[in-house]
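Listed here are the chains, written in short residue letters.
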Amino acid sequence: MLGIESTAHTLSFGMVDMDGKLSSSFSNLFRPEEGGIHPREAADHHCLKASNLLENIMSTEFFNSNEIEAVAFSQGPGLGPCLRVGASIARTLSKVWNVPLIGVNHCVAHIEIGKNQTGCKDPVLLYVSGGNTQVIASSRNKYRVMGETLDIGIGNMLDKFARTQGIPFPGGPEIEILANRFALNHDINANFINLPYGVQGMDIGFSGMLTAAERKIIDGNSLESICWSLQEHAFASCIEVAERAMAHTGKNELLLGGGVACNSRIREMAEIMCEERGAKAYWPEKRFCIDNGTMIAELGRLLHKVGYSTNLSDSAINPMLRTDHTEIIWD
Ligand code: AMP
Ligand code: MG
């Protein structure tokens, strides 16, 4: 199964064999020269990089186009122009190789690759990425959204804050380095800077803490201290909602997914929370946390196994596709 990911900043191709053994992805990340991600510019980037990436994956020893059984692609959610690039490539390859086309839900793919990688069975997923922040749990035949961001995605918030400080996209990893440095050199309890805490019921807002963090810098606080505080507030709010979702559903596994799940502090918080309630926290390797083609291939594989495919006439992208629109017809 070949999987193609192109929802936002990353164009990526990945493979999985029919037993669920994963390959690495071949990816290229769009980094804007200035400002945020302009959808058209990101789509142009994907067009430019596509043939090279595809040639690279096809020239690896495990790739044999005769053995490709189907082609999966991210049908949504995401940025329209970017999604269209991946969908066009997928339609073309499915025609050329005469194999089924399978449109998949990007958010659900994050869950399924996490399950494939960690062996957890029925987790609450804390999905923390650039554009999405959701707490998800399966109930009957769907992955239900128990809580989510009320404004911007958590990664988007970190990237925006980083940009105001001259740190290029993606800002999350650099914020983690600065925050860790602060924690190493300071008494964090004595130096903790309060920011607005955005939990409302099962939902979370991040824009208030972003604005406040920017102001705290203008007030003269060090960048390292604000990176630490921003991480603490943002991650704690996610973990709080995830814990409540576990309590409500009675599930005792927590799975982290999305690019922000690469962060060592959110992993640590997840572990502590789970330990305290007799549950277990899981996360896949970093290369499978960030957007990648392999996760699209993995969900494609599960759908292919139960005979699902997408007709050409139903293969239009859906930028607004939601996690709970997709029926779980596999397993
Ligand atoms: P995704 O949209 O799932 O590909 O994830 C990309 C997002 O993950 C970007 O917003 C990054 O800033 C964020 N990210 C990646 N690594 C880290 C990290 N170590 N800590 C925090 N955020 C991160
Ligand atoms: Mg994602």
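None of the values given here were measured: they were computed from a predicted structure.

This part covers the overall build of the protein. Along its length, the protein carries 10 helices and 12 strands. For the protein, the C-alpha radius of gyration of 20 Å lies close to 20 Å, the compact-globule estimate for 331 residues. Projected onto its principal axes, the C-alpha positions of the protein cover 65 × 45 × 35 Å. The burial tally for the protein puts 54% of its 331 residues in the buried class. Across the protein, the fraction of contacts at a sequence separation of at least 24, relative to all contacts at a separation of at least 6, is 76%.

What the rule picks out here adds up to 12 salt bridges. One salt bridge in this structure joins K115 and E112, with 3.9 Å as the shortest N-O distance. In this pair, K115 and E112 are both assigned in helix α3 (residues 106-118), three residues apart and thus about one turn of the helix distant. The two residues K115 and E112 agree in class, both being buried. The structure contains a network of salt bridges with shared partners spanning E148, R322 and D324.

Quick look at the coordination of the magnesium ion (ligand 2) now. Bound to the magnesium ion (ligand 2) on the protein side are H106 (NE2), H110 (NE2) and D291 (OD), at distances that span 2.2 to 2.4 Å. The sequence pattern formed by the donor residues of the magnesium ion (ligand 2) is H-x3-H-x180-D. Taken together, the positions of H110 in helix α3 and D291 in the loop between α9 (286-289) and α10 (293-305) put the pair 181 residues apart, joining distant regions of the chain. No difference in accessibility class separates H110 from D291, as the two residues are buried.

Now for unusual backbone geometry. Look at the link from G76 to P77: it is a cis peptide, with omega at -5 degrees. With respect to the element layout, P77 can be found in the loop between β4 (71-76) and α2 (80-97). Between F169 and the following residue, P170, the backbone shows a cis peptide bond with an omega angle of -5 degrees. By the secondary structure assignment, P170 is in the loop between α4 (154-164) and α5 (172-185). Here N98, not a glycine, exhibits a phi torsion of approximately 55 degrees, which is positive. Positionally, N98 belongs in the loop between α2 and β5 (101-105). The phi dihedral of R140 falls on the positive side, at around 50 degrees, and the residue is not glycine. Tracing the sequence through the fold places R140 in the loop between β7 (133-139) and β8 (142-148). Overall, R140 belongs to the exposed group, its relative accessible area being 73%.

Right, let's get into the nonpolar core. In terms of nonpolar packing, the biggest core is built from 52 residues, with L126, I154, M157, F161, F206 and L254 touching the most fellow members. Counting residues per element, the ones that place at least two in this core are β6 (124-128), β7, α4, α5, α6 (207-218), α7 (223-249), β11 (253-257) and α8 (264-276). At 12 residues, α7 tops the list of elements feeding residues into this core. In this view, L254 contacts P123, V124, L126, A242, M246, A270, M273, C274, K280, A281 and Y282; residues no more than four positions away in its chain are not counted.

With that settled, the discussion passes to the domain arrangement of the protein. Entries for the protein in the domain assignment read domain 1 (2-106 + 291-325) and domain 2 (111-287). Contacts between the two partners involve 23 residues from domain 1, matched on the other side by 16 residues from domain 2. Buried surface at the junction of domain 1 and domain 2, summed over both partners, amounts to about 1,600 Å²; 56% is from carbon and sulfur atoms. Where domain 1 meets domain 2, there are one salt bridge. Here E148 makes a salt bridge to R322, at a shortest N to O gap of 3.1 Å. Summed over the shared surface of domain 1 and domain 2, the number is seven residue pairs in polar contact (both at pLDDT 80 or more). Looking at which element gives the most residues to the side of domain 1 that touches domain 2, the answer is α10, with six residues. For the side of domain 1 that touches domain 2, a count of residues per class yields eight nonpolar, 10 polar and five charged.

This paragraph deals with the sheet that holds strand β2 (residues 10-15). Spatial strand order, β3-β2-β1-β4-β5: five strands in an open sheet with mixed pairing. Here the strands that pair on one side only, and so sit at the sheet edges, are β3 (26-29) and β5. Pairwise comparison of adjacent strand axes, ignoring direction, gives a mean angle of 20 degrees for this sheet. Along the sheet, α2 contacts β1 (2-5), β2, β4 and β5; its crossing angle with β4, the most-contacted strand, is approximately 155 degrees. Across the sheet, α3 touches β1, β4 and β5, and the angle it forms with β5 is around 85 degrees.

Calculation criteria
- Residues numbered from 1 in each chain as written.
- Chains lettered and ligands numbered in written order.
- Predicted model: local features only at pLDDT ≥ 70, side-chain atom pairs only at ≥ 80, totals over all residues.
- Heavy atoms only, no water.
- Helix = DSSP H or I, 4+ residues; strand = E, 2+ residues; numbered from the N terminus.
- Rg over C-alpha atoms; globule rule 2.2 N^0.38 Å.
- Buried < 20%, exposed > 50% of the residue type's maximum accessible area, 1.4 Å probe, protein only.
- Contact = heavy atoms within 4.5 Å.
- Salt bridge = Lys/Arg side-chain N within 4 Å of Asp/Glu carboxyl O.
- Donors = N, O, S within 2.8 Å, 3.2 Å for Na, K, Ca; no water.
- Core = buried A, V, L, I, M, F, W, Y, C linked by side-chain atoms within 4.5 Å.
- Domains from an automatic or database assignment.
- Buried area = accessible area lost by both parts, 1.4 Å probe.
- Polar contact = N/O pair within 3.5 Å; in protein donor to acceptor, adjacent residues only side chain to side chain.
- Nonpolar A, V, L, I, M, F, W, Y, C, P; charged D, E, K, R; others polar.
- Pairing = 2+ DSSP bridges.
- Axes fitted to C-alpha atoms, helices over the stretch in contact; angles between N-to-C directions.

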